[in-house]
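# Working through the structure, step by step
For reference, the chains in residue letters:
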Amino acid sequence: RMQQQQQRRMFTAALLALVFILAAVSTTEAGKKEKPEKKVKKSDCGEWQWSVCVPTSGDCGLGTREGTRTGAECKQTTKTQKCKIPCNWKKQFGGK
């Protein structure tokens, strides 16, 4: 009889340990699923659209080009960028 009681206690302890382990695992898994994902800040800004490079003087060399984009929440919708037109560009089209 004493042996049966000892077996029951061992069984009960093993069962409680199993329940505890299962509860710990399910809590960990639930925590992983419930974590809020990092919010990706979506911008309504469109892609930059660039004009052709306009040389500062002549038809080649340093110049500027204008960039624009749309979007109500954009901090910057226009900007100017330096650019360079190679002076041998005419040769590519058969010019002198």
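In short, a report on the structure. On a predicted model such as this, the values are computed, not experimentally measured, just so you know.

### Let's talk about the overall build of the protein
Scanning the protein from terminus to terminus reveals one helix and four strands. Of the regular secondary structure in the protein, the N- to C-terminal order runs α-β-β-β-β. Within the protein, buried positions represent 8% of all 96 residues. Within the protein, contacts between residues at least 6 apart in sequence are counted, and of these 37% link residues at least 24 apart. With an accessible surface of roughly 9200 Å², the protein has 57% of that area assigned to carbon and sulfur atoms.

### Here's the deal with the environment of T77
With respect to the secondary-structure elements, T77 resides in the loop between β3 (61–68) and β4 (78–85). Between the C-alpha atoms of T77 and W48, which are 29 residues apart in sequence, the distance is 8.4 Å.

### Section: the packing of aromatic side chains
One pass over the full model with this rule turns up one aromatic pair. The lysine or arginine in question, K79, covers the ring of W48, its NZ or CZ lying 4.5 Å from the ring centre.

### Some remarks on a nonpolar patch on the surface
Together, F11, L15, L18, V19 and L22 make up a nonpolar patch on the protein surface, roughly 510 Å² of accessible area in all. By secondary structure assignment, the location of F11 is in helix α1 (residues 2–34). A relative accessible area of 57% places F11 in the exposed class.

### A word on the pairing of β3
Bridging between strand β1 (residues 49–50) and β3 involves two bridges; their strand directions are antiparallel. Counted as the bridge partner of Q49 is T68 from β3. As defined by bridge partners, strand β2 (residues 54–55) adjoins β3 across two bridges and the pair is classed as antiparallel. From the neighbouring strand, P55 faces β3, where its bridge partner is G63.

### Notes on the state of the cysteines
Tallied over the full model, the rule gives three disulfides. Disulfide pairing places C45 opposite C74 at an S-S distance of 1.9 Å. Of this pair, C45 sits in the loop between α1 and β1 while C74 sits in the loop between β3 and β4, and the two are 29 residues apart along the sequence. Note that C60 is cross-linked by a disulfide to C87, the S-S spacing being 2.2 Å. When the S-S torsion is 85 degrees, as for the bridge of C60 with C87, the disulfide is right-handed. In this pair, C60 is assigned in the loop between β2 and β3 and C87 in the segment after β4, connecting sequence segments 27 residues apart. Counting only the cysteines that form disulfides, in the order they appear in the protein, gives the pairing 1-4, 2-5, 3-6.

Conventions adopted
Residues numbered from 1 in each chain as written. Predicted model: local features only at pLDDT ≥ 70, side-chain atom pairs only at ≥ 80, totals over all residues. Heavy atoms only, no water. Helix = DSSP H or I, 4+ residues; strand = E, 2+ residues; numbered from the N terminus. Buried < 20%, exposed > 50% of the residue type's maximum accessible area, 1.4 Å probe, protein only. Contact = heavy atoms within 4.5 Å. Areas by Shrake-Rupley, 256 points an atom, 1.4 Å probe, with all protein chains shown as cover. Phe/Tyr/Trp six-rings, centres within 6.5 Å; stacked < 30°, edge-to-face > 60°. Lys NZ or Arg CZ within 6 Å of the ring centre and 35° of its normal. Patch = residues over 30% accessible without salt bridge, like charges linked within 9 Å, V, L, I, M, F, W, Y side chains within 5 Å. Salt bridge = Lys/Arg side-chain N within 4 Å of Asp/Glu carboxyl O. Pairing = 2+ DSSP bridges. Disulfide = S-S within 2.5 Å.

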